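The lines below spell out each chain.
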Amino acid sequence: AAGVIQSPRHLIKEKRETATLKCYPIPRHDTVYWYQQGPGQDPQFLISFYEKMQSDKGSIPDRFSAQQFSDYHSELNMSSLELGDSALYFCASSRGTGDYGYTFGSGTRLTVV
Amino acid sequence: DQQVKQNSPSLSVQEGRISILNCDYTNSMFDYFLWYKKYPAEGPTFLISISSIKDKNEDGRFTVFLNKSAKHLSLHIVPSQPGDSAVYFCAATFQGGSEKLVFGKGTKLTVNP
């Protein structure tokens, strides 16, 4: 069965650089969520999209932005990267309202040096 | 402020015995709870969930118990198998909202052969 695809799997960037993380949801899933998991931390909700519109926003820095495109894939854009942005970034998708056990991708490990 | 707490960072049990993972929450508005399992280098995988209108939900070897008055839930795995060794995250959400999840910090379960 198709899963949530995230690319790249690993990314190394320098401070103040920009990074773009991509997420391709399971086919027919219309909702995408982004989570950030720092070292030894729990996953923290960043932002979500339902039918290409932002549905909720969590602890996402102003330096980050995201969008969901017409094909339902999503991109997380991160600018002016800081060392503290080093983390695992998970994307998850669901069929929207009421589908709580949504499916996570394998994550993108971002390392800022 | 950690709204979902998993106070045991690790747990070790013998194969065939019961594993009990605990989770406490502080926000009484949460009405849906989930357990996710995470292997290294993979995203969290949905395991089992429970609505606040129930106090028990069972799926094969996995049972989740909810004590609303104590704001406590637990995951029981019987019998435990070495393949169950993973990090288990407890998560909570509000039904009817954006389905964003609030995670605990996770408990690393090791099942010894």
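Quick summary incoming for the structure in this document. (Residues numbered from 1 in each chain as written. Chains lettered and ligands numbered in written order. Predicted model: local features only at pLDDT ≥ 70, side-chain atom pairs only at ≥ 80, totals over all residues. Heavy atoms only, no water.)

Concerning the interface of chain A and chain B
Across the boundary between the two partners, chain A contributes 23 residues, which contact 22 residues of chain B. Approximately 1700 Å² of surface area, both sides summed, lies buried where chain A meets chain B, with 57% of it carried by carbon and sulfur atoms. Connecting chain A to chain B are two salt bridges. As a salt-bridge pair, K105 of chain B and D42 of chain A come within 3.2 Å of each other at their nearest N and O atoms. Between the two partners, chain A and chain B, sit seven residue pairs in polar contact (both at pLDDT 80 or more). Broken down by secondary-structure element, the contributors of at least two residues to the side of chain A that touches chain B are β4 (31–37), β5 (44–50), β6 (53–57) and β9 (87–94) of chain A. For the side of chain A that touches chain B, the class distribution of residues is nine nonpolar, ten polar and four charged. (Contact = heavy atoms within 4.5 Å. Buried area = accessible area lost by both parts, 1.4 Å probe. Salt bridge = Lys/Arg side-chain N within 4 Å of Asp/Glu carboxyl O. Polar contact = N/O pair within 3.5 Å; in protein donor to acceptor, adjacent residues only side chain to side chain. Helix = DSSP H or I, 4+ residues; strand = E, 2+ residues; numbered from the N terminus. Nonpolar A, V, L, I, M, F, W, Y, C, P; charged D, E, K, R; others polar.)

Focus on the packing of aromatic side chains
Residues and elements named next belong to chain A. Applying the stated criterion across every chain yields a total of 16 aromatic pairs over all chains. Each ring, one from Y35 and one from F45, has its centre 5.6 Å from the other, and the planes form 65 degrees; the classification is edge-to-face. Within this pair, whereas Y35 is found in strand β4, its partner F45 is found in strand β5, the two being separated by ten residues in sequence. Summarising the burial analysis for this pair, Y35 and F45 share the class buried. Taken together, a centroid distance of 6.4 Å and an interplanar angle of 40 degrees make the contact between Y35 and Y102 tilted. Highlighted residues: Y35 in strand β4 and Y102 in the loop between β9 and β10 (103–104), separated in sequence by 67 residues. By relative accessible area, which is 1% here, Y102 ends up buried. (Phe/Tyr/Trp six-rings, centres within 6.5 Å; stacked < 30°, edge-to-face > 60°. Buried < 20%, exposed > 50% of the residue type's maximum accessible area, 1.4 Å probe, protein only.)

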